[in-house]
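What follows is the residue order along each chain.
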Amino acid sequence: MRKLLSLILAASLLLGLGSALAADAPTEIVFWHSMGGVNGEAIAKMVEDFNAAYEGKIKVTVEFQGTYDDAINKVKAAGMSGMPCDVMQVYDIGSRFMIDSGWALPVQEMIDAEGYDITQIEPNIAAYYTIDEKLYSMPFNSSTPLLYYNKTAFAEAGLDPEVAPKNFDEIIEMAEKLMVKDADGKVSRYGFGMGNYGWFFEQWMGKMGLHYVDNNNGRGVDPATKVVFDETGGAEAIFNVWKRLIDDGVITYLGRGNNDAKAAFISGNIAITLESTAALKSLLVNVGDNFEIGTGYFPNIHPDDEGGVSIGGGSLWMLNTGDDARQNASWEFVKYMISPDVQAFWNAETGYFPITVATHELDAFKDNLAQYPQFGTAIDQLHSTAPQYSGALLSVFPEARSLVETYTERLINGEMDVAKTVENLAKEINSAIEIYNLTN
Amino acid sequence: MSLSDSLKTRTAKPRITVKKGFYATVEPYLFLLPAFTIFALFLFYPFGRTIYLSTFLTDKLGNAKVFWGLGNYRDLFASSSFWASVGVTFQFVAIVAFGGLIAGLTTSLLTTRKYPGVTFASASYAMPVAIASAAASMAFRMILHPTNGLLNILLGTQINWRGDPNWALFSVSMVTIWLASGINFIFISAGLRGVPDELYESASIDGAGYWRKLFSITLPSISPTLFFQIIINIISAFQSFSQIRLLTEGGPGDATNVIVYAIYRDAFFNFRFGTAAARSIILFVIVLVITLIQFSFEKRSVHY
Amino acid sequence: MTSLAARKNLAKLGNMLLNIPMLLVILAPLIYTLMISVMPPDEIYQNVLIPSTINFGNYVKAFTHPAYNFLTFIRNSFIVSTSVMLGQMITCSLAAFAFAFLDFKGKKLLFILVLATMMVPGEATIIANYLTVSRWGWLDSFQALIIPYLTSAMGIFLMRQNYLTFSRELHEAAQLDGCNNPRFMASIVVPLSRPALGALGAYVFLNTWNQYMWPLLVTNSSSYRTVQIGISMLYDIDAESLGLMMAGVVIVIVPSLSIFIFMQKQLINGLMAGAVKG
């Protein structure tokens, strides 16, 4: 009898072992992202570490997909013939599109299934990706816009290097003092310079406490049907600031996007600029010891604005592959990417700020902050913003942002005045929204 | 017996003179089959499809959704942005086609004689042919940088070559001319080589100087080459894309928004495949008309 | 030295010297790119033209860092370019043979059709091709990169031009000897047209290597990405390294430049032979 029992025991042990071994082929998932340069290198390292930690169980293949714009196109094209990847990094303005597409598996479902504690995530950040109390994607590389200034230049110009300008009135005042002209009148340093970046436009709306589109800024039950920035005077205020800057001769136009402005700041050709927190690390690396970098809150349009900034950057979306094993594996990967240690590393390498509250307690994070206090400004700015300024959701955001940049250029060239710019911009964006709603 | 008769009787196999077998009639088409299959699949069919798509409004995935008839065309013709795009394209093509020709002509003329270093010079002038437009665009992105670029360093200026609407088109054109100079050099040099020396010698005896010879002999003699080259330059200029994408993204405003780039934006950024398709059909018609005009021009000014 | 010879030498010297500014204009971009790629970063921002020290760090990074896969990209570009090159050499030669040596119904019409393909701008077909290819599930594959380009009007013209220089008697004599067309083509025509074939091959290889738009659209993963797309990876919206970007450009240019230098004579002569008549 005992022999039979032990035989049965041995047999079931073997069976158990066998099935465990059989289940040991690692689940393979694919992760798409749009981080290049230094940030891309950080991602590669993070994935490598994950694969090492989960060896034999999960294997992540990471693929860079070009810019955010290119990446979202890939998903669209591939989406027609099946999901091309499991986890995808999509930019902030692609959120509405992803929700509408039906390809995304809201992370809320995984959260509910596991009972994951959502308070671990910074509420202001989660707010952006939450609609109707449902968190659709997991925030990952979040940034806010920041003001950067050259402390050394400030001291030279007789300005207090510890005080950053808070609004455009102050910026213009300081810029006049910071400008350096040589003997023949050629400007070797402008006080202020910024890139023509559509994102800033959206941020200023929030700073003024205004909506970009209708239907509760696109977050209502129905999607947005038109812009409201022409009705509220918000666009006008922003374009007026541009006009002032150009007319006063205080800035030089530095093109679309941020790269030229960054380079100009690094080489000392401009003393104040606006950029994302995500650029902090690369700025520190490239500036080195040439001068000290100061950071301040994103400037107000009017001195008495009381709104806040919303986050930019991107988030991780899980795609509906219908394969349970892969979806579970993807969830593990997503949780890993936002775990405090990983976020501390990510923050130190890039300047994106940590989305997990617990990160602030980690030594790695605190040490980095002590060495580079500039990292703290973005966090403070976010904490002092109320969640209601979480920003708009719009299906045609990429096109809208591009149109904002185009019309800003037109304004700067003097092709049209402020009123006309606002009018035409609103018209074009509205038409794009209409067509999208008609065909989708 | 004549030669042909003897040839005929030499072979043992009967020479088929009248009845062309089935295989013989079909054979030429078999030779053409591979090429035409590819053309059919990837040129004729998509072209037809594009015409079809241009009459629809599409959803974000590119499926034809709402029949729109000529609506897309109507909207385009009514849009100032579209006409700005057409204007920009024509300017760009004109600058680049003639600029490339002149660049090629200059470099060819500089290398007709034999002197030490002429092989190196020739290789260098042809070299742009081997450089990808994307690679060159990235390199020129650096060169044209407003604060740290080579051009501003050398000239001592602070011009924003890519962001200033007055300079953007010029900058993109210069990059394209640089790229095109290679193929222009190759073909025009070939043409120059074909001009008989006697023409020059008799002109020298008549006392003609360098410039006289250039305009009365060289240019007329290579006019077929120049004509052919301009057509190639024009067709190629209409298709220039990566320079625009990497240097200016169609901006500032619409300053460098050539039709090709507008098509890309509409299709792959705004997700409006119908409008993009309409633009490409319009582009095709433009290129066709220009080429036809050029061929009629040929009869009048090209000397053989 | 007679005054005529002296004048000739002076003219030669003048000619030589005139080349210098032109050469500078043509070569400067490449030299500058090279300089930036080996320059320490702070010097780039100080507008230094010649680096004080040479630093190959950027190249090492491009090849070894897990975020970049330049060796794979180069391999992919080679696979695609070589396949397209061989494919075009075959299909264009076959088609050109038909147009040059054979008579058949609709010859003129079909030839005009070939002419017409040159006039259809890539953009008119790229969208539809993209939609076709994704419907066939070919996205992210070598087929998508190779098959659409297996023939070209330019190639057909080039080879036909070359074949037209053969005398008709050659074909007739071969037929008399009982040689059928395929054999005639394989054993006589092809060997004789080697220079033109070589030129076509080199030209097609270079053009395919330099493609940007199509690979951008149809490839997603580094397993299939080509080298031109690789360059865009070095550029990021938030973080940028100019030196690394320039290193990428150099890496991408070197293979095509090498092929060009190696095949220079053939390429130029082959293209020229087709160009003289226009």
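The model shown is predicted, which means the values in this text are computed figures rather than measured ones. (Residues numbered from 1 in each chain as written. Chains lettered and ligands numbered in written order. Predicted model: local features only at pLDDT ≥ 70, side-chain atom pairs only at ≥ 80, totals over all residues.)

Peer 1: For this particular structure, what's the right way to read the overall build of chain B?
Peer 2: Summing up its helical and strand segments, chain B has 14 helices and two strands in all. On C-alpha atoms alone, chain B measures out to a radius of gyration of 26 Å, which is more than a quarter above the 19 Å that the 2.2 N^0.38 rule sets for 304 residues. Viewed in the frame of its principal axes, chain B has a C-alpha envelope of about 85 × 65 × 35 Å. Within chain B, buried positions represent 49% of all 304 residues. Taking the intrachain contacts of chain B between residues at least 6 apart in sequence as the baseline, contacts between residues at least 24 apart amount to 69%. (Helix = DSSP H or I, 4+ residues; strand = E, 2+ residues; numbered from the N terminus. Rg over C-alpha atoms; globule rule 2.2 N^0.38 Å. Buried ≥ 20, exposed ≤ 12 C-beta atoms within 10 Å, placed from the backbone. Contact = placed C-beta atoms within 7 Å.)

Peer 1: Would you mind going over the overall build of chain C with me for this structure?
Peer 2: In terms of regular secondary structure, chain C is built from 14 helices and zero strands. By residue count, 49% of the 278 residues in chain C fall in the buried class. Considering only contacts within chain C whose residues lie at least 6 apart along the sequence, 77% involve residues at least 24 apart.

Peer 1: How should I be thinking about the sheet that holds strand E8 (residues 145–150) of chain A in this particular structure?
Peer 2: The strands making up a sheet are joined through hydrogen bonds of the backbone, oriented either antiparallel or parallel. All names here are of chain A. Read from one edge of the open sheet, five strands run E9-E10-E11-E8-E12, paired in mixed fashion. Whereas interior strands pair on both sides, the edge strands pair on one side only; in this sheet they are strand E9 (180–181) and strand E12 (293–297). Note: strand E10 (residues 187–193) against strand E11 (residues 270–276), three bridges, orientation parallel. Looking at E11, one finds that Phe192 is bridged to Ile272. The strands touched by helix H17 (residues 374–383) are E8 and E12; relative to E12, the strand with the most contacts, the crossing angle is about 5 degrees. (Pairing = 2+ DSSP bridges. Axes fitted to C-alpha atoms, helices over the stretch in contact; angles between N-to-C directions.)

Peer 1: I'm lost on helix H11 (residues 234–247) of chain A in this one. Help?
Peer 2: For H11 of chain A, spanning 14 residues, the distance from its first C-alpha to its last is 20 Å, which sits close to the expected 20 Å at 1.5 Å a residue. Buried positions along H11 of chain A lie against helix H9 (198–207), helix H18 (397–412) and helix H19 (418–439) of chain A. (Expected span 1.5 Å × (residues − 1).)

Peer 1: Explain the nonpolar core to me, please; I cannot follow it from the model alone.
Peer 2: Soluble globular proteins tend to pack their nonpolar side chains together in the buried interior. Counting 292 residues, the largest nonpolar core has Phe31 and Phe333 of chain A, Ala135 of chain B together with Ala95 and Val249 of chain C as the members making the most contacts within it. Among the elements that take part in this core, helix H8 (residues 165–193) of chain B stands out by supplying 14 residues, more than any other. In this structure, Phe333 of chain A is in contact with Ile29, Phe31, Phe50, Ile58, Val60 and Val87 of chain A, ignoring residues within four places of it in sequence. (Core = buried A, V, L, I, M, F, W, Y, C linked by C-beta atoms within 7 Å.)

Peer 1: So what exactly am I meant to see when it comes to unusual backbone geometry here?
Peer 2: Leave glycine aside and you will find that most residues have negative phi; peptide bonds, for their part, are mostly trans. At Asn217 of chain A, a position not held by glycine, the phi torsion is positive, near 60 degrees. You can see Asn217 of chain A is positioned in helix H10 (residues 214–217). Here Asn217 of chain A falls in the buried class, since 22 other C-beta atoms lie within 10 Å of it. The phi dihedral of Asp140 of chain C is positive, around 65 degrees, even though this residue is not glycine. Looking at where Asp140 of chain C falls in the secondary structure, it is placed in the loop between helix H6 (122–135) and helix H7 (142–146). Look at Asp140 of chain C and you get buried, because 21 C-beta atoms sit within 10 Å.

Peer 1: How should the domain arrangement of chain C be read in this particular structure?
Peer 2: Often the size quoted for an interface is simply the accessible area lost on bringing the parts together. Residue and element names in this part refer to chain C. Here chain C is partitioned into domain 1 (3–55) and domain 2 (66–275). Between the C-alpha centres of domain 1 and domain 2 there is a distance of 33 Å. Breaking the side of domain 1 that touches domain 2 down by element, the ones donating at least two residues are helix H1 (3–37) and helix H2 (41–45). Tallying contributions element by element places H1 first for the side of domain 1 that touches domain 2, with four residues. A class-by-class count of the residues in the side of domain 1 that touches domain 2 yields five nonpolar, two polar and no charged. (Domains from an automatic or database assignment. Nonpolar A, V, L, I, M, F, W, Y, C, P; charged D, E, K, R; others polar.)

Peer 1: Which parts of the structure should I look at to understand the interface of chain C and chain B?
Peer 2: Of the residues lining the interface, 73 residues belong to chain C; the matching set on chain B comes to 76 residues. Going through the elements one at a time, H1, H2, helix H4 (70–101), helix H5 (107–119), H6, helix H11 (194–209), helix H13 (227–233) and helix H14 (242–275) of chain C are the ones with two or more residues in the side of chain C that touches chain B. Counting residues per element, the side of chain C that touches chain B draws most heavily on H14 of chain C, at 15 residues.

Peer 1: Any chance you could explain the interface of chain B and chain A here in plain terms?
Peer 2: Between chain B and chain A, the contact holds 23 residues from the first and 26 residues from the second. For the side of chain B that touches chain A, the secondary structure elements donating two or more residues are strand E1 (56–58) and strand E2 (64–67) of chain B. Broken down by class, the residue content of the side of chain B that touches chain A amounts to eight nonpolar, nine polar and six charged.

Peer 1: Looking at this structure, I do not really get the environment of Ala426 of chain A. What am I missing?
Peer 2: Residues and elements named next belong to chain A. Its location among the elements puts Ala426 in helix H19. Here Ala426 falls in the partly exposed class, since 19 other C-beta atoms lie within 10 Å of it. When the C-alpha atoms of Ala426 and Phe397 are compared, they prove to be 13 Å apart, with 29 residues separating the residues in sequence. If we ignore the near neighbours within four places in the chain, the residues touching Ala426 are Val227 and Asp230.

Peer 1: Quick question: what am I supposed to make of the pairing of strand E3 (residues 87–91) of chain A here?
Peer 2: Regular strands have side chains that alternate between both faces of the sheet. All names here are of chain A. A large share of E3 lies buried, amounting to five of its five residues. Residue alternation in E3 divides its side chains into two sets, Val87, Gln89 and Tyr91 and Met88 and Val90, and both sets are buried. The sheet contact formed by strand E1 (residues 27–33) and E3 spans two bridges and is parallel. Within E3, the residue paired with Trp32 across the bridge is Met88. Where E3 meets strand E13 (residues 312–319), five bridges bridge the pair, whose relative direction is antiparallel. Within E13, the residue paired with Val87 across the bridge is Met318.

Peer 1: How do you make sense of the pairing of strand E2 (residues 58–64) of chain A when you look at a structure like this?
Peer 2: Residues and elements named next belong to chain A. Counting buried residues in E2 gives five out of seven residues, a clear majority hidden from the surface. In terms of strand pairing, E1 meets E2 through seven bridges, oriented parallel. Bridge pairing in E2 places Trp32 opposite Glu63.

Peer 1: Please explain the environment of Ser85 of chain B as it appears in this structure.
Peer 2: Position of Ser85 of chain B among the secondary structure elements: in helix H4 (residues 80–110). Beyond its immediate chain neighbours, meaning those up to four positions away, Ser85 of chain B contacts Asp254, Asn257, Val258, Ile259 and Ala262 of chain B.

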